[in-house]
Every structure is written in C-alpha cells, then in structure tokens.
Amino acid sequence: MNLENYYAYFDGVVPSRICDDIVYHAERQEKEIARTGNHEDLPKDEKDIAKLHKVRNSSIAWLDDPWIYREILPFVHEANKFCKWNFDLNYSESCQFTKYSKSQHYTWHQDSWHQPYDRPGKPEHGLIRKLSVTVSLEDGRNYEGGDLEFDLRNHGDSTPHVVSPKEARSKGSIIIFPSFVWHRVTPVTKGTRYSLVIWNCGPLFR
C-alpha cells in the first residue's frame, strides 16, 4: 500500500517527569525476553534463544495503566486524522515497555499480520493491528545506536528507502505509523534505550 504519510511525530509531547515515571514503574514489573510473531512461546534452550536474538534482542514488560494511555492515545487519534489514514480503531493493546542495552536490537519487521487475532473471548479477537506507536522514554544523547528506522520503499521497488526520524531520539516524543510499515531498531552501541510501544487495532480493512 502506497501512502502519502508513512509516519507522524510529536516532538517531546510527553513530559520528562512522565517518561521517568513510566521507566520507574516498568523496571519494577516482571521482565521477559522479547519475542516475535514466530516465537510466541518462550525459548526452550540456549540454541532457541540464540536463534531469537539474531532477530530480536531486548527485554520487555507489559503495562496497562490508564494514566499511560491518557498521555498517549490523544496523539494517536490526531495523527490518524491529520495523516488521512482514517483507520477504524477500537482497541489498544497492552503497552510494551522495551529496554535495549548494549548490542541489543530488532531487525526489519512489520507489527501487523495477514490474519486477524484468533483469540475467542479476548477483546482483540477478530481485530488486526493498524497503527503502531513508539514513545521515546530516554534522551537520545544518553545512548548511541538504537535508531528507529523505516524502509519506505514502494511496493515492487527493490531499492531500500531508509529514513531515521531524528525526533525518535527526543525524550517524550511519539512516533506513529501504520503497522504494516517495515521498521527496525539498530543495535545499541552505548548506554540504554528505553521505549514504549502501543499497538492500536480495528476490524479488517475493507
């Protein structure tokens, strides 16, 4: 799908104090190894972990506190309208707090799948991910590497068109993009990158 706007950003809109509160709160939650759609189950052994870490290597915690959503979701709806995506959204998944330490990364991927969630009895059942949100919780001057990058090539074009919004490194900034857009986080080479991700869902595209 070709788009007029592949992403939207709001620079430094989440107060620094709120970013610090999210990090403080998340660091006290139970952590787990970040997985991908192909690794829904926890790794069984060192070989399985090594295979997963070639694609994605970070630690995560899940948050569903209403005060966090109140800070972020208004910008999701604003971007959805301003960028003329006008996606039908009716559910936001749990917030995923992600911690990238030195050498950790996430290779090229999409957040959406080709089929809707098949989870009868769950609020996401029958829905698909439509808009992804990344919130920078750390000042980009405090770590090196760890860049959020997008590949904006058009369908059928074999030439990569990689961009890295500088706003993604600004503490308190929000980057919003359609969940089918390819993106990655480059390896952190120094310091720690903290971010928050929220996937916003809706019914199948018509």
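Residues numbered from 1 in each chain as written. Predicted model: local features only at pLDDT ≥ 70, side-chain atom pairs only at ≥ 80, totals over all residues. Heavy atoms only, no water.

As a further point, take the pattern of salt bridges. On inspection of all chains with the given rule, the structure shows 12 salt bridges. Here aspartate 21 makes a salt bridge to arginine 17, at a shortest N to O gap of 3.6 Å. Note that aspartate 21 and arginine 17 are positioned in helix 1 (residues 16–27) at a spacing of 4 residues, about one turn of the helix. Taking relative accessible area as the criterion, aspartate 21 reaches 32% and is therefore assigned partly exposed. Taking the relative accessible area as the measure of exposure, arginine 17 reaches 56% and is therefore exposed. Between glutamate 27 and lysine 99 there is a salt bridge; the shortest N-O distance is 3.4 Å. Of this pair, glutamate 27 sits in helix 1 while lysine 99 is found in strand 6 (residues 95–100), placing the two residues 72 residues apart along the sequence. A residue is classified by how much of its surface remains accessible, and lysine 99, at 21% relative accessible area, is partly exposed. Overlapping salt bridges bring together Glu27, Lys31 and Lys99 as one network. (Salt bridge = Lys/Arg side-chain N within 4 Å of Asp/Glu carboxyl O. Helix = DSSP H or I, 4+ residues; strand = E, 2+ residues; numbered from the N terminus. Buried < 20%, exposed > 50% of the residue type's maximum accessible area, 1.4 Å probe, protein only.)

Attention now goes to the sheet that holds strand 3 (residues 56–57). Strand order in the open sheet formed by 5 strands is 3-7-13-10-11, with antiparallel pairing between adjacent strands. Each edge of the open sheet is held by one strand with a lone partner, namely strand 3 and strand 11 (162–163). Note that strand 10 (residues 148–151) and strand 13 (residues 182–185) share 4 bridges and pair antiparallel. Along strand 13, the bridge assignment pairs leucine 148 with valine 185. (Pairing = 2+ DSSP bridges.)

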